[in-house]
Amino acid sequence: MNDIKLALLGSEGVGKSAVLVRFLTRRFIGEYASNANSLYHKRLSIDGRQLNLEVFDPCSQSTEARCILEEPVDWADGFIVVYNISDLTSFLNAKHILRQIKEARTDTCKGEAEVPVYLVGNKQDLCHARQVCEEEGRALARENRCHFQEVSAAEDHQEISGLFTRLIRQVMEHLKHRTDRRRYSGSKSMAKLINNVFGKRRKSV
Ligand SMILES: Nc1nc2c(ncn2[C@@H]2O[C@H](COP(=O)(O)OP(=O)(O)OP(=O)(O)O)[C@@H](O)[C@H]2O)c(=O)[nH]1
């Protein structure tokens with residue numbers, strides 16, 4: 001059984017939990033308690049392979065989450081960086097996060113292929129209030145050599161399911177070719193890191 005670890009990053013209120021819950025449950029839930037970091041678990045099968053998926057959804061309100069990239073960036077096998085297309089500040093923050101991931105990974109994983117990252121512009125249904133055009137998102141993704149997609153967690157399941165599946169496939173490929181496996185395991189698992197640093201809150205969906 002493969003273990004796949006993903007982290008969702010982005011500004012407060014961009015819809016990280018909404019995107020994740022759409023993928024995990026197919027439902028859109030309007031409001032989430034968002035005062036704690038969460039680790040979600042799901043078993044799934046992709047291309048006939050059984051996977052244990054763990055997704056870290058940090059609470060961006062917590063001061064701890066702001067420095068989340070400083071410590072456990074090495075934990076995740078792949079990242080989803082989310083911004084809100086109707087909020088330019090969240091896009092600028094996504095840019096900053098992409099840079100942080102790149103820098104952290106360059107320092108710790110020299111010589112390895114780049115970690116798979118998906119840049120996601122959420123709240124596409126709010127295009128009447130759009131502050132970031134699709135081309136800007138695409139260009140930022142190109143610059144950072146990552147995938148890009150605009151979605152609406154409020155309105156669509158298909159696109160979100162598709163993007164998670166593509167990212168997971170890419171992660172499986174990446175792990176297969178990774179020579180120096182630096183993944184945390186056992187006592188250094190993310191669950192323990194989160195429990196130690198942020199307090200316990202784990203979810204199964
Ligand atoms: N219109 C619209 N609203 C959305 C969409 N996705 C999320 N929202 C709303 O945006 C707000 C924030 O969503 P969350 O999923 O809690 O955002 P988050 O990024 O997890 O927020 P933090 O946990 O505070 O960092 C909620 O009111 C959601 O209902 C979307 O695609 N369209």
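Criteria and cut-off values
Residues numbered from 1 in each chain as written. Predicted model: local features only at pLDDT ≥ 70, side-chain atom pairs only at ≥ 80, totals over all residues. UniProt positions renumbered as here; feature names shortened; annotations may be inferred. Buried ≥ 20, exposed ≤ 12 C-beta atoms within 10 Å, placed from the backbone. Helix = DSSP H or I, 4+ residues; strand = E, 2+ residues; numbered from the N terminus. Contact = placed C-beta atoms within 7 Å. Axes fitted to C-alpha atoms, helices over the stretch in contact; angles between N-to-C directions. Parallel < 35°, antiparallel > 145°, perpendicular 65-115°, else oblique. Nonpolar A, V, L, I, M, F, W, Y, C, P; charged D, E, K, R; others polar. pLDDT = per-residue confidence, 0-100. Arc of directions from axis to C-beta.

Where an unreviewed UniProt entry is consulted, the protein appears under the name small monomeric GTPase, with the organism given as Anguilla anguilla. Recorded in UniProt under Catalytic activity (unreviewed entry), the annotation for the protein is "GTP + H2O = GDP + phosphate + H(+)". In the Sequence similarities (unreviewed entry) part of its UniProt record, the protein is described as follows: "Belongs to the small GTPase superfamily. Ras family."

A.B. asks: Got a minute to help me understand helix 1 (residues 16-25) in this structure?
C.D. replies: Of all ten residues that make up helix 1, nine are buried, and the element is covered over most of its length. Among the structural elements, strand 1 (2-10), strand 2 (38-46), strand 3 (49-57), strand 4 (78-84), strand 5 (117-122) and helix 5 (158-177) are those in contact with the buried residues of helix 1.

A.B. asks: Please explain unusual backbone geometry as it appears in this structure.
C.D. replies: Leave glycine aside and you will find that most residues have negative phi; peptide bonds, for their part, are mostly trans. A positive phi angle, near 70°, is found at Arg26, a position not held by glycine. One non-glycine residue with positive phi stands out, namely Asp47, at about 55°. Checked against the element boundaries, Asp47 lands in the loop between strand 2 and strand 3. A count of 9 C-beta atoms within 10 Å places Asp47 in the exposed class.

A.B. asks: What am I meant to see in the environment of Glu155 here?
C.D. replies: Mapping Glu155 onto the fold places it in the loop between strand 6 (147-150) and helix 5. With 128 residues separating them along the chain, Glu155 and Arg27 place their C-alpha atoms 9.5 Å apart.

A.B. asks: Got a minute to help me understand the packing of helix 1 against helix 5 in this structure?
C.D. replies: Where helix 1 contacts helix 5, the axes come no closer than 9 Å and their chain directions differ by 85°. Classed by the angle they form, the pair helix 1 and helix 5 counts as roughly perpendicular. Note on element contacts: helix 5 touches helix 1 through Ile160, Ser161 and Phe164, opposite Val19, Arg22 and Phe23. Of the residues in the contact of helix 1 with helix 5, the class split is four nonpolar, one polar and one charged.

A.B. asks: How should I be thinking about the confidence of the model for the protein in this particular structure?
C.D. replies: Predicted coordinates in regions of low pLDDT should not be interpreted in detail. Confidence in the prediction for the protein averages 82 pLDDT; 73% of positions are at 70 or higher. Per-element confidence in the protein ranges from a low mean pLDDT of 48 for helix 6 (residues 190-198) to a high of 98 for helix 4 (residues 134-143). Residue range residues 183-189 is modelled with pLDDT below 50. Its contacts to residues more than four positions away, or to other chains, number six contacts. Predicted confidence for residues 196-202 stays below pLDDT 50, and this span has nine contacts to residues more than four positions away or in other chains.

A.B. asks: Which parts of the structure should I look at to understand helix 4?
C.D. replies: For an α-helix the count is 3.6 residues per turn, leaving residues at separations of three or four pointing the same way. What helix 4 keeps buried is the set Gly137, Leu140 and Ala141. An end-on view of helix 4 places all buried positions within 100° of arc, on one side of the element. In helix 4, the exposed residues that point more than 90 degrees away from the buried face are Glu135, Ala139, Arg142 and Glu143. Just beyond helix 4, the residue with positive phi is Arg145, at close to 50°.

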